[in-house]
Amino acid sequence: MQHFLVQWTFESQEIMFEASKDFVRYVEEGCPDDHSDEIDVVYRVKNPAASTGWVIIRAASHEALWKWSQPWVKKFSQTLTITPVITDAEFCNAYRSQA
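Since we're looking at a predicted model, the values are computed, not measured. Each chain carries its own residue numbering, running from 1 in the direction its sequence is written. The model is predicted, so local features are restricted to residues of pLDDT at least 70 and side-chain atom pairs to those at 80 or more, both for listing and for counting; the totals for chains, interfaces and linings are taken over all residues. Side-chain descriptors were evaluated using all non-hydrogen atoms of the structure, hydrogens and water having been removed beforehand.

Novice: Is there a simple way to think about the overall build of the chain in this case?
Specialist: Helix numbering and strand numbering both begin at the N terminus, where a helix is a DSSP run of H or I of at least 4 residues and a strand a DSSP run of E of at least 2. Counting its regular elements, the chain contains 3 helices and 4 strands. By principal-axis analysis of the C-alpha atoms, the chain measures approximately 50 × 25 × 20 Å. Note on classification: 1.4 Å probe, protein chains only; a residue is buried when its accessible area is under 20% of the maximum for its type, exposed when over 50%, partly exposed between these limits. Looking at the chain as a whole, 29% of its 99 residues are labelled buried. Residue contacts are counted whenever heavy atoms from the two residues lie within 4.5 Å of one another. Of all intrachain contacts in the chain linking residues separated by at least 6 positions in sequence, the fraction that spans at least 24 positions is 66%. Using the Shrake-Rupley algorithm and a 1.4 Å probe, accessible areas are obtained, with residue cover drawn only from the displayed protein chains. Counting only carbon and sulfur atoms, one obtains 56% of the accessible surface of the chain, whose full area is about 6700 Å². By the counting rule applied here, Lys and Arg register as positive and Asp and Glu as negative, while His and the ends of each chain are not counted. Positions of charges follow a simple convention, taking NZ of Lys, CZ of Arg, CG of Asp or CD of Glu. If the 9 positive side-chain charges of the chain are averaged to one point and the 14 negative ones to another, these points end up 1 Å apart.

Novice: Sorry if this is basic, but what is going on with the packing of helix α1 (residues 13–28) against helix α2 (residues 62–76) here?
Specialist: In a pair of packed helices, the angle between the axes and the distance between the axes together describe the arrangement. Between the N-to-C directions of two axes lies an angle of 0 to 180 degrees, each axis being a line fitted to C-alpha atoms and, for a helix, fitted only over the stretch in contact. At a closest axis distance of 10 Å, the pairing of α1 and α2 adopts a crossing angle of 140°. Regarding α1 and α2, the two cross each other, and that crossing is right-handed. Where α1 approaches α2, its residues I15, E18, A19, D22, F23 and Y26 are matched on the opposing element by W68, W72, K75 and F76. A class-by-class count of the residues in the contact of α1 with α2 yields 7 nonpolar, no polar and 3 charged. Two helices crossing with the near one rotated counterclockwise from the far one by less than a right angle form a left-handed crossing, whereas a clockwise rotation gives a right-handed crossing. Following the grouping adopted for this structure description, the nonpolar residues are Ala, Val, Leu, Ile, Met, Phe, Trp, Tyr, Cys and Pro, the charged ones are Asp, Glu, Lys and Arg, and the polar ones are all others, Gly among them.

Novice: Just checking my understanding: could you explain α2 for this structure?
Specialist: One turn of an α-helix holds 3.6 residues; hence residues three or four places apart share an orientation. To estimate how far a helix should extend, the number of its residues minus one is multiplied by 1.5 Å. For α2, spanning 15 residues, the distance from its first C-alpha to its last is 21 Å, which sits close to the expected 21 Å at 1.5 Å a residue. Each residue is assigned a bend, namely the angle between axes fitted to the seven residues that terminate at it and the seven residues that start at it. Remark: the principal bend of α2, roughly 45°, maps to S69, with a proline, P71, within the next four residues. Buried residues of α2: A64, L65, W68, S69, Q70, V73 and F76, and no others. Check the buried side of α2 and you find it contacts β1 (2–9), α1, β2 (39–47), β3 (52–59) and β4 (79–85). Note on α2: the residue one or two positions beyond its end, S77, has a positive phi of about 55°.

Novice: Just to check I follow, could you spell out the sheet that holds β4 for this structure?
Specialist: Backbone-to-backbone hydrogen bonds pair the strands of a sheet. The strands run either parallel or antiparallel. Overall, antiparallel pairing links the 4 strands, which are arranged β2-β3-β1-β4 in an open sheet. Of all strands in the sheet, those bounded by a partner on one side alone are β2 and β4. Averaged over all pairs of adjacent strands, the angle between their axes in this sheet comes to 20°, without regard to strand direction. At least two DSSP bridges between two strands are required for those strands to pair. Bridge count between β2 and β3: 8 bridges; the pairing is antiparallel. Along β3, the bridge assignment pairs Y43 with I56.

Novice: Can you walk me through the environment of V45 in this structure?
Specialist: When you line up the elements, V45 lands in strand β2. On the accessibility criterion, V45 (37% relative accessible area) is partly exposed. Between the C-alpha atom of V45 and that of A59, which follows or precedes it by 14 residues, the distance is 18 Å. Once residues lying within four places of it in the same chain are set aside, the contact partners of V45 are W8, G53 and W54.

Put into structure tokens, the structure is as follows:
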């Protein structure tokens, strides 16, 4: 699975506050969509003052990541910035194979 760093941004504080109701419920339900054969949320952090947040996620594909994010994007018009990333171990392995 590939690691991705995903930043989400809401258009306004008001939209973020509205989304927070659903998000709190989602967390209280145990984040049911965060772990599957295609998705594994590793870590999620937020900056509520800036209406933004980040998640490090392992996904089987970019398509799986897109499917995972779409309910939130559709409902709350979030903007996503998706960056493929590698771990330290993956970097070291890649470096060694080139040396």
